[in-house]
Each structure stands twice: as structure tokens, then as C-alpha cells.
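Coordinate inspection notes
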Amino acid sequence: MTEPTSVTEVRKLREQFHPFCKDSLGWNFETPVGSLHWKIYELALKYKPKKYGEIGSGIGVSASCVAYPSPETHLYLYDSPGHGYGGFGGSDEYLIHHMTKFAKGRCTLNLGDSQTQTAKDMIISNGPYDMFNIDGDHSYIGAKSDYDTVKKCLAEKSILIIDDITHIAHKEDLTRLFNEALEEIKSIHKNVRSEVIEEGTGVGIIYINID
Ligand SMILES: C[S@@+](CC[C@H](N)C(=O)[O-])C[C@H]1O[C@@H](n2cnc3c(N)ncnc32)[C@H](O)[C@@H]1O
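A brief look at the structure comes next. Residue numbers run consecutively from 1 along every chain, following the written order of its sequence. Per-residue local features are limited, in this predicted model, to residues with pLDDT of at least 70; the limit for side-chain atom pairs, both in listing and counting, is 80 or more; totals at the level of whole chains, interfaces and linings are taken over all residues.

Turning our eyes to something else, we now look at the packing of helix α6 (residues 140–150) against helix α7 (residues 171–188). Here, axes are lines fitted to C-alpha atoms. For helices the fit covers the stretch in contact, and angles between N-to-C directions go from 0 to 180 degrees. Helix and strand labels come from DSSP, where a helix needs a run of H or I of at least four residues and a strand needs a run of E of at least two; each type is numbered from the N terminus. At their nearest, the axes of α6 and α7 sit 9 Å apart, and the two run at 30° to each other. Considering the angle they form, α6 stands roughly parallel to α7. Note on packing geometry: the crossing formed by α6 with α7 is right-handed. Contacts between α6 and α7 involve Y140, A143, K144 and Y147 from the former and D173, L174, R176, L177 and A181 from the latter. The residue makeup of the contact of α6 with α7, split by class, is 6 nonpolar, no polar and 3 charged. Note that the term roughly parallel is reserved for angles under 35 degrees, roughly antiparallel for angles over 145, roughly perpendicular for angles of 65 to 115, and oblique for everything else. Left-handed describes a crossing in which the near helix is turned anticlockwise from the far one by less than a right angle; the clockwise case is right-handed. For every residue pair, C-beta atoms are placed from the backbone, and the pair is scored as a contact if these atoms sit within 7 Å. Gly counts as polar in this scheme, as do all residues outside two lists: the nonpolar Ala, Val, Leu, Ile, Met, Phe, Trp, Tyr, Cys and Pro, and the charged Asp, Glu, Lys and Arg.

What follows concerns the environment of I161. One can find I161 in strand β5 (residues 154–163). Given 24 C-beta atoms within 10 Å, I161 falls into the buried group. Setting aside chain neighbours within four positions, we find I161 in contact with I40, F132, N133, I134, V203 and I205. Residue burial here comes from a neighbour count, namely the number of other C-beta atoms, placed from the backbone, that lie within 10 Å of the residue's own C-beta, with 20 or more meaning buried, 12 or fewer meaning exposed, and in between meaning partly exposed.

Turning our eyes to something else, we now look at helix α2 (residues 35–47). Multiply 1.5 Å by the residue count of a helix minus one, and that product is the helix's expected span. Taking 1.5 Å as the rise per residue, α2 with 13 residues should run 18 Å; its terminal C-alpha atoms sit 18 Å apart, in good agreement. Here α2 lies mainly inside the structure; 10 of its 13 residues are buried. Those residues of α2 lying buried are S35, L36, H37, W38, K39, I40, Y41, E42, L43 and A44. Of the residues one or two after α2, K48 is the one with positive phi, at around 45°.

A word on unusual backbone geometry. Note that the residue after G127, namely P128, is joined by a cis bond; omega there is 0°. Mapped onto the elements of the fold, P128 is located in the loop between α5 (117–126) and β4 (129–134). Of note in this structure, K48 is not a glycine but carries a positive phi near 45°. Along the chain, K48 turns up in the loop between α2 and β1 (51–55). Using a count of 16 C-beta atoms within 10 Å as the deciding quantity, one classes K48 as partly exposed. In this model, D164 sits at a positive phi of 65°, which is unusual for a non-glycine residue. Among the secondary structure elements, D164 is positioned in the loop between β5 and α7. Take D164: there are 27 C-beta atoms within 10 Å of it, and that puts it in the buried class.

This part takes up the pairing of β5. Put simply, side chains in a regular strand alternate between the two faces of the sheet. The element β5 is extensively covered by neighbouring structure, given that 7 of its 10 residues are classed as buried. Following DSSP output, two strands are said to pair if at least two bridges run between them. With 5 bridges connecting them, β4 and β5 associate as parallel partners. Following the sheet pairing, N133 is matched in β5 by I161. Looking down the strands as they point away from the viewer, one classifies a crossover as right-handed if the path from the first strand across the helix to the second runs clockwise. In this region the chain leaves β4, passes through α6 and returns to the parallel neighbour β5; the handedness of that crossover is right-handed. Examined bridge by bridge, β5 and strand β7 (residues 203–208) share 6 bridges and lie antiparallel to one another. Note on β7: the bridge partner recorded for I159 is Y207.

Just distances and angles here, no functional claims.
Here it is, written out as C-alpha cells:
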């Protein structure tokens, strides 16, 4: 499998993505679509991960962008509502609303701080994940702790996503983490490539053993 590089292919995917945002998520065309959301939709559509994990599932927008184009995926979502960066009051209610709509019967939601030993053990025991998105604590130390957990439970062929790596408030911390993660993963696996989407608040993607 190769990345969708042709302009026509990307345009076709975006044509599918926009009606999903408008009709299903209730956004209009003026709503800025985050680079994470657009990219994650594309990846889910293309690779159809069996298990998708996400730390920082918030109100479930990125999770919906995986669940909708990939109806067989089971989603393992971890969030500590109101915790640190990007915490939304009542995010669990919105999250449950979105997941009931898009991932009924195939979503496991765990609420709690991802940096506790209990949460770490749970994240690891639910793996291995074919795709994982780190979008929780956006500090270097917090996101590094999440990465250190997630790296232990990625499938042999998997995709690791770190969100917001060009975000003005987190660029330094998360770009550092992304580069360190990439180097470490490259030192373990032969077939590793990466992609950075600079637009919006940026997304870093590491493809492990994915041709
Ligand atoms: C930027 S938002 C995620 C947005 C989400 N991906 C979406 O599309 O709706 C970050 C989320 O990470 C959560 N978070 C922050 N620190 C966390 C931690 N230590 N453990 C678990 N979740 C955390 C926040 O509660 C917030 O919901």
C-alpha cells in the first residue's frame, strides 16, 4: 500500500470528508477542519485499523473521524475530563454522544489520568493497537509519559500519531518528543517512515512496518 499522493485522490477523500463533517458531526463548511481530523479520517479509511487507541479523546471528534470511515475498528479511548490542556467541561457526555452515534458496541472508554500506573497498565493490556493517537497532556513530560506507555503496545505494523506538534503553545515540547520518538522507533524497526502535516496545529505520524 502506498500513501495517497495524487491530487485527484486527495480531492476525492476530502469530498467524502466534508459531507461527513457537515451531515454527521453537524459542522458547516466554514468550521475549520483540524489537520488531525482530516488526516486521521484519511488514515482510517485507508488502513482500517483493527484496534485504535487514543489518549485525550476529548469530545470524540478525532475518534468519530476514525469510527465513521472504518466500521470494523474497535476504539479504546482514554481521557481525564477537564484535565490539563484542552480539557472540556463535560467532555465525557459529548464523547459518549459521539461514540453512541458512530461507534456503538465497538468503543471502550476509560476515564482517568493516563499517567497513573492503573491507566498505564490498562492501556497496555488493551493493546496491541494498529493505530494510536497521543493527544492528551501536551507538556513534554506528560506526552513523553504517554509515549513511553504507548510504545509498549503498538502492533508490529502500526501507525503512531502525535497531535499538535506545530501548535504555537506546544511546538517546542511536542516536536522534540516527535523527533525523539522517531529516532527511537527507527533504532528498533527497519521499516519506519514519518510524515509531518504542518497545516493547522500540526500532526506527526510515524509508520512502523507499513509499506
Ligand atoms: C486537545 S483535547 C483532545 C481533543 C480530542 N482528540 C477530540 O478530537 O475531541 C485534549 C484532551 O486530553 C485530555 N487530557 C489531558 N491530560 C490528560 C491526562 N493526563 N490523562 C488523560 N487525558 C488527559 C483532556 O481532558 C482533553 O480532553
